[in-house]
Amino acid sequence: MKLTRLHRPLPNPLIHSKPRNLSTSSNSTPKDNDENDDPHFISNLSDVVRGKQSWRIAFSDPFISSSLKPHHVEKVLIQNVRNPRLALRFFNFLGLHKSFNHSTASFCILIHALVQSSLFWPATSLLQTLLLRGLNPTEVFRSLLNSYKKFNCTTSLGFDLLVQNYVQNKRVLDGVVVLRLMRECRMVPEVRTLNALLNGLVRIRHFNMVLQLFDELVNVGLRPDAYMYTVVVRSLCELKDLHKANEVIRYAESNGCELSVVTYNVLIHGLCKSQRVWEAVEIKNLLSRKGLKADMVTYCTLVLGLCKVQEFEVGVELMKEMIQLGFVPSAAALSGLMEGLRRKGKIGDAFDLVNRMGEVGVVPNLFAYNALINSLCKDGKLDEAELLFDNMGMKGLFPNDVTYSILIDSFCRRGILDTAHCYFNKMINARIRLTVYPYNSLISGECKFGKLSVAESLFSQMMSRSVEPTVVTYTSLISGYCKVGELQKAFTLYHEMMGRGIAPNTYTFSAIISGLCRASMMAEASKFFDEMVERGIMPNEVTYNLLIDGYCREGNITRAFELLDEMLKRGLLPDTYTYRPLISGLCSTSGVSEAKKFVDDLHKKNYKLNEMCYSALLYGYCKEGRLYDALGACRDMSERGVDMDLVCYAILICGALKQQDTRQLFGLVNEMHSQGLRPDNVIYTSMIDAYGKTGKLDKAFGLWDIMVGEGYSPNVVTYTALIYGLCKAGCIDKAELLCKDMLVGDALPNHVTYGCFLDHFSKEGSMEKAVQLHNTMLAGFSANTVTYNILIRGFCKMGKFHEASELLLEMTNNGVYPDCITYSTFIFEYCRMGNLLEAVRLWDVMLDRGLKPDILAYNFLIYGCCVTGELTKAFELRDDMMRRGLKPNRVTYNTLSRGTCLSR
């Protein structure tokens, strides 16, 4: 319905105000204005434009080209408004061939002229060019209004065009500004323009503004059409004001507006979304009284609504009714119903529905089978899904790329990669078109299990088959490389992805941030986080949890809590993965008492913590030797409805072993059994290790026998713990027998196991045996910095400094790099010998290699400085130590005190 608009001059200050000079020329002078008003010059220009003379030749005349101003062009355009095509040609000629800077007024005059002649396409193009000048909507409107008045236009469609352009360019709110300015001038756009504007507001979810504008328009006498009523109903449904939505429909019906089924579908969708599905069904039943028929959207919306309230049987009946009417169910409706029936264990009903659809011939059976296979896979019933896949051939159906993709993805998610590859090969053999989806599933699966070479091979294969990778492909590979610490490869893939024009998403950035945090590169992780936000990619809970965990590990608990506050401000909800590192961080930096206050505060605020969070608190207590406080925290757990798990018991048992509290130890083991829990390999190994270290080998072997009797197989850590105890006690023969058992069993010795023997031989002075064993380790690639350190320490202890120095050279030649302990050992020896110069040289080498000295290393060099009289250097080292965040201990101060006394 078109509206009657006022085109006569209006008693409005905006219209009757003195027109502004709209020329964009910056060189206007009084003399220019006199020339601009020269009727003779303008008349000559009009003759040139209307004449047959070449414009190119005429405008090459130096007098015309130098004298021509925007105001002249405006006058010529006004004189040619009856011939808008000619005016447009003249306008474009000056812009394209003479690089003429047209005034805003020229644009507006020509837009009105084109619109009056129904030349909407060129008018739209011209308006879009004008908007590129960066004018705000008020400026554009005033310019159009000024031209509208001068031109004495008979239609205001130019303003409609402006509103429509703003909507099309996603500047909907600017369109609202123009509408309000039109209202002030008593102009109302066409209904179709208003509909476009209101629909644009719905798209950007400005529902209240839709209602406000609707009320304003109705109050000035607008008669909305069915489309506008539908937009208003949609806004009210989104605002969950379903009562008012019903009222609007009744108002429309009472005013004689013939609504279509679309409006009622919108209301039905709103009711279903609010779980008022039975009201929605009633509206569908009343459609026939209004002379309307439910369509496919009506039925599918109701089916999904019924699924939402678990009324699957009614959903089935409605779908049967839909099929009888010849409607094809949507993928969402069919999948939702299949999923609901499957969850209720009514697989038979789901099959019946599939068969019924096949018999009627409405829905392709393949589509239905895929939906059912997908439902079974989601429920983990892979055997049933495979059986359904095998039965497809009996029904005369052939699996397509979707069928295979569902199965491949499901097997990959559960780590059954061999079966996934089997289906992938079947897919290739069946010559089914390969898409990116099965490749993404396989690459993700291989990356999760650390098989990056297989993932790389799949990536190369998909590229050779011209299957374009997606952000999911790259993110899986980047995540895989970050997990194994190959950050360089991860960044190479990131830059390759960006080069291909594939935008990273939250998961991509989170994967890289995770890798950087694992590598303790928090500065780089923070920079990447900032880049993520700058790109408009919003971090999620996982992203924040990774950074919080990284900062807590680094000891920067202040920054971690700042991130928690930032997370809450963004409306993100912290979870147990957020709180656990914060609890651990507080235990490490501020003490377990502060961590306990934090936990209690969270409980008061009704935040639910799990056993994982409490295990961090228990570990903090046990680390400080406060076993009974840890047991008190266990009682708090029980009162707050959190059950102890194996990890919690393992921490407490380690605490009891550390304090040699046998009564508590066996009490905890008995409590575990009463709770239906059994100690596992980790707990038994911890107990065996503790008894071995304290020399209680009979108890260690007793636990070994219990562990084996309960069906647990000792692993390399268990064997090594017992071997360490035997070596420490000097029972080297028994230790060697255990090592032989390892060699014939599944738990092969590692560098730690051999290190126990090395340590024993070194302490006993049997350096020949130690070197012989170490050479065997070198041949088996199990020698490392630690084993070299044991040998070096052994030679130094025996005074064989030359042999120790040769080992330092040998280890670097074998690709094994010294660490802080290696250098500290040599620095101590040099200091002991009074060779401070060589000790300082090694210190500098250590720093140049990027190694961070520990308190022991500082104390060694401070000792060397003090005994050689270099007291100033000793205090400089003390200050440097504190700058690096290390706290001098009693040894540091005693050494400095003795050095000060010696210097007097």
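Residues numbered from 1 in each chain as written. Predicted model: local features only at pLDDT ≥ 70, side-chain atom pairs only at ≥ 80, totals over all residues. Heavy atoms only, no water.

Points about the packing of helix α17 (residues 261-273) against helix α18 (residues 277-286)
So, step 1. Packing of α17 against α18 leaves a shortest axis separation of 7 Å and a crossing angle of 160°. It follows that α17 is roughly antiparallel to α18 by the angle criterion. Two packed elements cross with a definite hand, and for α17 against α18 that hand is left-handed. On the side of α17, the interface is formed by Y264, L267, I268, L271 and C272, while α18 contributes V277, E279, A280, I283 and K284. (Axes fitted to C-alpha atoms, helices over the stretch in contact; angles between N-to-C directions. Helix = DSSP H or I, 4+ residues; strand = E, 2+ residues; numbered from the N terminus. Parallel < 35°, antiparallel > 145°, perpendicular 65-115°, else oblique. Left-handed = near helix turned anticlockwise from the far one by under 90°. Contact = heavy atoms within 4.5 Å.)

A short note on a nonpolar patch on the surface
So, step 1. A contiguous nonpolar surface patch, about 330 Å² in accessible area, is contributed by L743, V744 and L748.
So, step 2. Along the polypeptide, L743 turns up in helix α44 (residues 732-744).
So, step 3. Residue L743 is classed as partly exposed on the basis of its relative accessible area of 47%. (Patch = residues over 30% accessible without salt bridge, like charges linked within 9 Å, V, L, I, M, F, W, Y side chains within 5 Å. Areas by Shrake-Rupley, 256 points an atom, 1.4 Å probe, with all protein chains shown as cover. Salt bridge = Lys/Arg side-chain N within 4 Å of Asp/Glu carboxyl O. Buried < 20%, exposed > 50% of the residue type's maximum accessible area, 1.4 Å probe, protein only.)

A closer look at the nonpolar core
So, step 1. Ranked by size, the top nonpolar core spans 299 residues in total, and within it F59, L618, L652 and I827 carry the most contacts.
So, step 2. Not counting residues within four places of it along the chain, the set of residues in contact with L618 comprises A630, A633, C634, M637, M644, C648, I651 and L652. (Core = buried A, V, L, I, M, F, W, Y, C linked by side-chain atoms within 4.5 Å.)

Concerning the pattern of salt bridges
Any two side chains of opposite charge can pair if their charged atoms end up close together.
So, step 1. Within this structure, the stated rule accounts for 36 salt bridges.
So, step 2. Each of K596, D600, D636 and R640 takes part in one network of salt bridges that share partners.

Focus on the packing of aromatic side chains
So, step 1. In this structure the tally under the stated criterion is 26 aromatic pairs.
So, step 2. Ring geometry for F529 against Y544: centres 5.4 Å apart, planes inclined by 70°, an arrangement best described as edge-to-face. Placement of the pair is F529 in helix α32 (residues 522-534) and Y544 in helix α33 (residues 541-554), with a sequence separation of 15 residues.
So, step 3. Taking the relative accessible area as the measure of exposure, Y544 reaches 0% and is therefore buried.
So, step 4. In textbook terms, an aromatic cluster arises when at least three aromatic residues are bridged by ring pairs, as seen for F389, Y404, F411 and Y423.
So, step 5. Sitting over the face of the ring of Y423, K426 holds its NZ or CZ atom 4.9 Å from the ring centroid. (Phe/Tyr/Trp six-rings, centres within 6.5 Å; stacked < 30°, edge-to-face > 60°. Lys NZ or Arg CZ within 6 Å of the ring centre and 35° of its normal.)

Details of the packing of helix α12 (residues 172-184) against helix α13 (residues 191-203)
So, step 1. As a packed pair, α12 and α13 sit with axes 9 Å apart at the nearest point and diverge in direction by 140°. The angle between the axes of α12 and α13 places the two elements in the oblique class. You can see that α12 and α13 cross each other, and the crossing is left-handed. Here V172, L173, G175, V176 and L179 of α12 come into contact with α13, specifically with L194, L197, G200 and L201.
So, step 2. Partitioned by chemical class, the residues of the contact of α12 with α13 number 7 nonpolar, 2 polar and no charged. (Nonpolar A, V, L, I, M, F, W, Y, C, P; charged D, E, K, R; others polar.)

Describing the environment of I109
So, step 1. Relative to the assigned elements, I109 resides in helix α8 (residues 104-116).
So, step 2. Through-space distance from the C-alpha of I109 to that of L564 is 57 Å; in sequence the pair is 455 residues apart.
So, step 3. The contacts of I109, once residues within four sequence positions are left out, are E74, L77, I78, V81, S147 and F151.

Some points on the state of the cysteines
So, step 1. Counted by the stated rule, this structure contains 0 disulfides.
So, step 2. The thiol of C517 is not disulfide-bonded; the next cysteine sulfur, from C482, is found 10 Å away.
So, step 3. Between C613, a cysteine without a disulfide, and C648, which holds the nearest cysteine sulfur, the sulfur-to-sulfur distance is 10 Å. (Disulfide = S-S within 2.5 Å.)

A short note on helix α50 (residues 836-848)
So, step 1. Taking 1.5 Å of rise per residue, 13 residues should cover 18 Å, and α50 covers 18 Å from first to last C-alpha, within 8% of that figure.
So, step 2. All buried positions along α50 are accounted for by L836, A839, L842, W843 and M846. Angularly, the buried residues of α50 cover 125° about the axis, an arc narrow enough to put them on a single face. Exposed residues pointing more than 90 degrees away from the buried face of α50 are listed as L837 and D848. (Expected span 1.5 Å × (residues − 1). Arc of directions from axis to C-beta.)

Let's talk about the confidence of the model for the chain
So, step 1. Scored by pLDDT, the chain comes out at a mean of 86, with 94% of its residues at no less than 70.
So, step 2. In this model residues 1-37 is a low-confidence stretch, pLDDT under 50, and it forms 67 contacts with partners more than four residues away in sequence or in other chains. (pLDDT = per-residue confidence, 0-100.)

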